Amino acid sequence: MSTECSCGEKPESAGEIIDLALLEPYIEQYGGPEAKDNLITILQKAQDLYGYLPTEVIVYIARRFGIKPTKVIGVVSFYTQFRTKPVGKHLILLCQGTACHVNGSPLIEDAIKEHLSVEEGDISENGLFTYSNVACIGCCSLAPVFMIGDKAYGGLNKAKTVKVLKEIEQEETSQ
Ligand code: FES
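Being a predicted model, the structure only gives us computed values, none of them experimental.

Caption draft 1: Here's a closer look at the nonpolar core. With 24 residues, the main nonpolar core has Leu 23, Leu 43, Val 57 and Ile 61 as its most contacted residues. Breaking this core down by element, the ones donating at least two residues are α1 (24–30), α2 (39–50), α3 (55–65) and α4 (69–78). The element that contributes the greatest number of residues to this core is α3, accounting for 6 residues. Beyond its immediate chain neighbours, meaning those up to four positions away, Leu 43 contacts Leu 53, Ile 61, Val 72, Val 75, Val 76 and Phe 82. Among the nonpolar cores identified, the runner-up in size contains 16 residues, and Ile 112, Leu 116, Ile 148 and Val 164 belong to it.

Caption draft 2: Focus on the sheet that holds strand β3 (residues 90–95). The sheet built from 4 strands is open, its strands ordered β4-β3-β5-β6 with mixed pairing. At either end of the open sheet lies a strand with only one pairing partner, and these are β4 (129–134) and β6 (151–153). Averaged over all pairs of adjacent strands, the angle between their axes in this sheet comes to 25 degrees, without regard to strand direction. Two strands pair when backbone bridges link them, and β3 and strand β5 (residues 146–148) are joined in this way by 3 bridges, in the antiparallel orientation. Looking at β5, one finds that Ile 92 is bridged to Ile 148. Contacts between helix α6 (residues 105–116) and the sheet are confined to β3, β4 and β5, with β3 contributing the most and set at about 155 degrees to the helix. Here helix α7 (residues 158–173) sits on the sheet and contacts β3, β4, β5 and β6; the angle it forms with β5, its principal contact strand, is near 5 degrees.

Caption draft 3: Main features of the pattern of salt bridges. Applying the stated rule across the entire model yields 6 salt bridges. For Lys 85, the salt bridge is made with Asp 122, and the minimal N-O distance between the two is 3.7 Å. Here Lys 85 is found in the loop between α4 and β3, whereas its partner Asp 122 is found in the loop between α6 and β4, with 37 residues between them in sequence. The salt bridge involving Glu 172 is made with Lys 89; its shortest N-O contact spans 2.9 Å. On the criterion of sequence distance, the pair formed by Glu 172 in helix α7 and Lys 89 in the loop between α4 and β3 is long-range, its members being 83 residues apart.

Caption draft 4: Summary view of the side chain of Thr 161. Within the element layout of this structure, Thr 161 appears in helix α7. For Thr 161, the side chain forms a polar contact with the main-chain oxygen of Asn 157, separated by 2.8 Å. Apart from residues lying up to four places away in sequence, Thr 161 is in contact with Ile 108, Ala 111, Ile 112, Phe 146 and Leu 156.

Caption draft 5: Just the environment of Cys 100, in detail. For Cys 100, the position within the fold is in helix α5 (residues 98–102). Cys 100 sits 36 residues away from Cys 136 along the chain, and the two C-alpha atoms are 8.0 Å apart. Not counting chain neighbours up to four residues away, the residues in contact with Cys 100 comprise Cys 95, Ser 105, Ala 143, Pro 144 and Val 145.

Caption draft 6: Quick look at the packing of aromatic side chains. Inspection of every chain in the model, using the stated rule, returns 3 aromatic pairs. Note on Phe 78 and Tyr 79: the rings are 5.0 Å apart at their centroids and 85 degrees apart in plane angle, and the pair reads as edge-to-face. What links up through ring pairs into an aromatic cluster is the set Phe 78, Tyr 79 and Phe 82.

Definitions and cut-offs
Residues numbered from 1 in each chain as written. Predicted model: local features only at pLDDT ≥ 70, side-chain atom pairs only at ≥ 80, totals over all residues. Heavy atoms only, no water. Core = buried A, V, L, I, M, F, W, Y, C linked by side-chain atoms within 4.5 Å. Buried < 20%, exposed > 50% of the residue type's maximum accessible area, 1.4 Å probe, protein only. Helix = DSSP H or I, 4+ residues; strand = E, 2+ residues; numbered from the N terminus. Contact = heavy atoms within 4.5 Å. Pairing = 2+ DSSP bridges. Axes fitted to C-alpha atoms, helices over the stretch in contact; angles between N-to-C directions. Salt bridge = Lys/Arg side-chain N within 4 Å of Asp/Glu carboxyl O. Polar contact = N/O pair within 3.5 Å; in protein donor to acceptor, adjacent residues only side chain to side chain. Phe/Tyr/Trp six-rings, centres within 6.5 Å; stacked < 30°, edge-to-face > 60°.

Have a look at this one:
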């Protein structure tokens, strides 16, 4: 099935071209009679593909699944796991659960903000980082903790936070 608009052009978002064809294998897998039950799964797959959920993608999924776009938008808004803005190359998931909070996660957030000069959800100027506050990520014994990719960094303080960020920055510049 074509993924182009009726005007023949591919949709764009904030200057970038969103290749909706990438979604097709998942549409095939999760569409059909069970589509409504699979909505969260397809949204997760889409977010993995694009890094976030552009409006074009939300509308496309709604159309292909036969669901009203407002319903899909409602699901995206309800679950904090979904993002509707682009993110940096490395997404920092900063735990603000109880154990992390009482062990200093607000100070960790201050360190991230100061080092990267960003607010939550923004992309750092070098394009490398976005941070997001999240609920408990299941490693409370390491509190305070954040995750970057698949890796958890625990026992954080301001200095260790900056050290981790600098190490990633150095790895990126040496590539
Ligand atoms: S409260 Fe932070 S990992 Fe559980």
